[in-house]
Amino acid sequence: MDIIIREKRKIGAMGIKNYKQKEIEKNPPVKKKLVKDYMTSQLITFKPDTNVLDIANTLLEKRITGAPVLDDDGNVVGLIDDKDCLRIVVDTLYHNQPIVSHTAKEYMTNVMKTVDINTDILEVANIFLTTPYKRLVVTDKKGKLRGNISRRDILRAIHDMSV
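Trainee: Please give an account of the nonpolar core that cites residues and values.
Mentor: Proteins that are soluble and globular tend to have nonpolar side chains buried together. The biggest cluster of nonpolar side chains holds 14 residues, and the ones touching the most others in it are Val35, Val115, Val124, Leu136, Val138 and Ile149. Within the residue set of this core, elements represented by two or more residues are α4 (121-130), β6 (135-139) and α5 (151-162). Here this core gets 4 residues from one element, more than from any other, and that element is α4. Sequence-distant contacts of leucine 136, that is, excluding residues within four places in its chain, are made with Lys113, Val115, Val124, Ile127, Phe128, Gly147, Asn148 and Ile149. Ranked by size, the runner-up nonpolar core spans 11 residues in total, among them Phe46, Cys85, Ala104 and Tyr107.

Trainee: So what's going on with the packing of α4 against α5? Which residues, and what values?
Mentor: The N-to-C vectors of α4 and α5 enclose an angle of 135°; their axes lie 10 Å apart at closest approach. Classified by the interaxial angle, the pair formed by α4 and α5 is oblique. The crossing of α4 and α5 is left-handed. Mapping the contact onto sequence places Ile121, Val124, Ala125 and Phe128 in α4 and Arg151, Ile154, Ala157 and Met161 in α5. Partitioned by chemical class, the residues of the contact of α4 with α5 number 7 nonpolar, no polar and 1 charged.

Trainee: So what's going on with the sheet that holds strand β7 (residues 145-150)? Which residues, and what values?
Mentor: Taken in spatial order, the 3 strands make up an open sheet running β5-β6-β7, and their pairing is mixed. On the outer flanks of this sheet lie β5 (114-116) and β7, each paired with one strand and no other. Direction aside, the axes of adjacent strands within the sheet are offset by 35° on average. Of the pairings in the sheet, the one linking β6 to β7 comprises 5 bridges and is antiparallel in character. Bridge assignment links valine 137 to a residue of β7, and that residue is asparagine 148.

Trainee: Summarise helix α2 (residues 82-94); cite the residues concerned and give the values.
Mentor: Compared with the 18 Å implied by 1.5 Å per residue over 13 residues, the 18 Å span of α2 between its first and last C-alpha is a close match. Within α2 the residues assigned to the buried category are Asp84, Cys85, Ile88 and Asp91. Each buried residue of α2 lies within a common arc of 105° when the element is viewed along its axis, so the set occupies one face. Set apart from the buried face of α2 by more than 90 degrees, the exposed residues are Lys83, Leu86, Leu93 and Tyr94. Where α2 is buried, its residues touch α1 (52-62), β4 (76-81) and α3 (104-107). Two or three places before lysine 83, at the start of α2, stands the capping residue aspartate 81, its side-chain oxygen 3.1 Å from that residue's backbone nitrogen. With its phi angle positive at about 55°, asparagine 96 sits one or two positions after the end of α2.

Trainee: How would you summarise the packing of α1 against α2 if you had to cite specific residues and measurements?
Mentor: Where α1 contacts α2, the two axes come as close as 11 Å, and the packing angle between them is 135°. In terms of their interaxial angle, α1 and α2 are classed as oblique. Judged by the twist between their axes, the crossing of α1 over α2 is left-handed. Residues Val52, Ile55, Ala56 and Leu59 of α1 lie in contact with α2, whose contacting residues are Asp82, Cys85 and Ile88. Here the contact of α1 with α2 is composed, by residue class, of 6 nonpolar, no polar and 1 charged.

Criteria and cut-off values
Residues numbered from 1 in each chain as written. Predicted model: local features only at pLDDT ≥ 70, side-chain atom pairs only at ≥ 80, totals over all residues. Heavy atoms only, no water. Core = buried A, V, L, I, M, F, W, Y, C linked by side-chain atoms within 4.5 Å. Buried < 20%, exposed > 50% of the residue type's maximum accessible area, 1.4 Å probe, protein only. Helix = DSSP H or I, 4+ residues; strand = E, 2+ residues; numbered from the N terminus. Contact = heavy atoms within 4.5 Å. Axes fitted to C-alpha atoms, helices over the stretch in contact; angles between N-to-C directions. Parallel < 35°, antiparallel > 145°, perpendicular 65-115°, else oblique. Left-handed = near helix turned anticlockwise from the far one by under 90°. Nonpolar A, V, L, I, M, F, W, Y, C, P; charged D, E, K, R; others polar. Pairing = 2+ DSSP bridges. Expected span 1.5 Å × (residues − 1). Arc of directions from axis to C-beta. Polar contact = N/O pair within 3.5 Å; in protein donor to acceptor, adjacent residues only side chain to side chain.

Pasting the structure below:
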């Protein structure tokens, strides 16, 4: 018969030690991280009548994957991204359509998800985990465009939390 001996150790008031054997709080306070702290606010934007060649060139030049499309009043009417630009290649080569006559309004996606500028990063991370979105439009309480937040921005927040 095996005998199991359990050693009783005195645990400090906090009860948990880190890898350096320093006592730490069981549930350390976590400062709430907000979208406004990690979003991109200096955005490249396009108009619905912007030529798709200009859009593709801008995406390549600025090394971005997409951008909002705004009407004349500054309201977001869609998003255009690298995947939308791939449709341009198919239309041009496969359907033999001239590329120069196409505009953002023909290729942009008008299905988009918006989040408020004061949304918690955790909520945004959950949206990214449960939807196919790669970026979200960030608006203020009046619905005006303030920026966008991407999966990469959430990774920066995670990095900041671990430091």
